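# Observations on chain architecture
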Amino acid sequence: MRWWDIDDVLALERALFPDDAWSAGMFWSELAHARGPYATRRYLVAVDPEAPPGAHGTDGIVGYGGFAAVDGTGDVQTIGVLPSHQGTGLGARLLGELISAATDFECHEVLLEVRVDNARAQRLYERFGFAPIGFRRGYYQPGNVDALVMRLGLTADTTADTTAATGPTSDSASDPSSQGTQIHG
Ligand SMILES: CC(C)(COP(=O)(O)OP(=O)(O)OC[C@H]1O[C@@H](n2cnc3c(N)ncnc32)[C@H](O)[C@@H]1OP(=O)(O)O)[C@@H](O)C(=O)NCCC(=O)NCCS
C-alpha cells in the first residue's frame, strides 16, 4: 500500500467497517513506518486487473491488509476484502502474506483482535493456526462489542503450514479464485 492508495482503501474500509472505520490519518501514520531499513509495518493492497479503477484513480483495489511488529510480537492490524471478491481465497492470500511479514520481522508470535460476532474471520484465522487466548471487553466502540484475542505461535515450519491454509479449492483450475489478483506492498 502506498500513500496514493489511501483514499480508495478508505472507501473499502468504510464499507467493510461502517461502525469503526479507520481514518485517513491512521493509514498515513502506519505507512510512515512501512518503508526503509527500520520498517515495522507491512501494508498490502490486492489489485484485480479486471476490476474498474478506484474513484480516486488507483488500480482496482479489492483487498488490503496491515501488519505491525513490536519487539518480536506481530499484530494483524487490519484485513479486508471487497464483498464481491470474498470467498475466493483472497483473504487467505492476504493473511498468508501478513504472516510472511511476521517471519521477515523475526516475530515469534502474531496476535490479532476480532469481533466476537465475526465468525467468518475467526474461521479464516483458525485455518492458519490462530487460537483464542482471551477477550477484550468493549474493544470495538462505539458499539461496545467485545474482541476475541487470537494468537499464532511462529516456528520455522509456519510458512509451510500456512501454505496449506489458503483455501479448499485454491489449486483448482476451474474455480473463480483470486489467482489473477496481485498483492503488493
Ligand atoms: C474476513 C475476510 C477478510 C475473509 O476474506 P475472504 O476473501 O472471504 O477469505 P477466503 O476467501 O480466503 O475465505 C473465506 C471462505 O471462502 C472459502 N473459499 C476460499 N476460496 C474459495 C473458493 N475458491 N471457492 C469456494 N470457497 C472458497 C474459504 O474456505 C472460507 O470458507 P469459510 O468462511 O466457510 O471458512 C472477509 O470476509 C472480509 O473482508 N470481511 C469484512 C472485514 C472483516 O471482517 N475483516 C476482519 C477483521 S478482524
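One can find the structure itself at the top, above this paragraph.
Figured I'd write up the structure that's included with this text. Just so you know, these numbers come straight off a predicted model, no measurement behind them.

Turning our attention to the overall build of the protein chain. Along the protein chain, the regular secondary structure elements total five helices and seven strands. Its helices and strands in sequence order give the protein chain the pattern α-α-β-β-β-α-β-α-β-β-α-β, from N to C terminus. In the protein chain, buried positions account for 34% of the 185 residues. For the protein chain, the share of sequence-separated contacts (at least 6 apart) that also reach a separation of at least 24 residues comes to 61%.

Turning to the sheet that holds strand β7 (residues 182-184), a few remarks are in order. An order of β5-β6-β4-β3-β2-β1-β7 is seen for the seven strands of this open sheet, with the pairing classed as mixed. Among the strands making up the open sheet, the edge pair consists of β5 (131-140) and β7. Across the sheet, the mean angle from the axis of one strand to that of its neighbour is 25°, orientation sign disregarded. As judged from the six bridges shared by β5 and strand β6 (residues 145-153), these two strands associate in the antiparallel manner. Bridge pairing in β6 places A131 opposite R151. Relative to strand β2 (residues 61-70), helix α3 (residues 90-104) is tilted by about 25°, and along the sheet it contacts β1 (41-47), β2, β3 (73-81), β4 (109-115) and β7. Here helix α4 (residues 119-127) sits on the sheet in contact with β4 and β6, set at roughly 165° to β4.

Next up on the list: the nonpolar core. Within the largest apolar cluster, 39 residues are counted, with the highest numbers of intra-cluster contacts made by A46 and A102. Per-element accounting of this core gives the leading share, eight residues, to α3. Non-local contacts of A102, meaning those with residues more than four positions away in its chain, are made with F67, A69, G74, C107, V110 and L154.

Glancing now at the packing of helix α1 (residues 6-16) against helix α2 (residues 24-31). The contact between α1 and α2 brings their axes to 10 Å, and the two run at 125°. Taken together, the axes of α1 and α2 lie oblique to each other. Helix-helix and strand crossings are classified by hand; for α1 and α2 the assignment is right-handed. Along the contact surface, α1 presents I6, V9 and L10, while α2 presents A24, F27 and W28. A class-by-class count of the residues in the contact of α1 with α2 yields six nonpolar, no polar and no charged.

Positionally, D48 belongs in the loop between β1 and β2. Spatially, the C-alpha atom of D48 lies 8.9 Å from that of I183, the residues being 135 residues apart in sequence. Sequence-distant contacts of D48, that is, excluding residues within four places in its chain, are made with G60, V62, H85, G180 and T181.

Attention shifts here to the pairing of β4. Across the two faces of β4 the burial differs, with V110, L112 and V114 buried and E109, L111, E113 and R115 not buried at all. Pairing analysis gives four bridges linking β3 to β4, with the strands arranged parallel. Residue pairing for β4: D75 is matched across the bridge by L111. Running through α3, the crossover from β3 to the neighbouring parallel element β4 is right-handed.

Our focus in this paragraph is α3. Helix length check: α3, at 15 residues, gives a terminal C-alpha distance of 21 Å against a target of 21 Å (1.5 Å per residue), a fit within 8%. Where α3 is concerned, the buried positions are L90, G91, A92, R93, L94, L95, L98, I99, A101 and A102. Looking one or two residues past α3, E106 carries a phi angle of roughly 60°, positive in sign.

Procedures and definitions
- Residues numbered from 1 in each chain as written.
- Predicted model: local features only at pLDDT ≥ 70, side-chain atom pairs only at ≥ 80, totals over all residues.
- Helix = DSSP H or I, 4+ residues; strand = E, 2+ residues; numbered from the N terminus.
- Buried ≥ 20, exposed ≤ 12 C-beta atoms within 10 Å, placed from the backbone.
- Contact = placed C-beta atoms within 7 Å.
- Pairing = 2+ DSSP bridges.
- Axes fitted to C-alpha atoms, helices over the stretch in contact; angles between N-to-C directions.
- Core = buried A, V, L, I, M, F, W, Y, C linked by C-beta atoms within 7 Å.
- Parallel < 35°, antiparallel > 145°, perpendicular 65-115°, else oblique.
- Left-handed = near helix turned anticlockwise from the far one by under 90°.
- Nonpolar A, V, L, I, M, F, W, Y, C, P; charged D, E, K, R; others polar.
- Right-handed = clockwise from strand over helix to strand, strands pointing away.
- Expected span 1.5 Å × (residues − 1).

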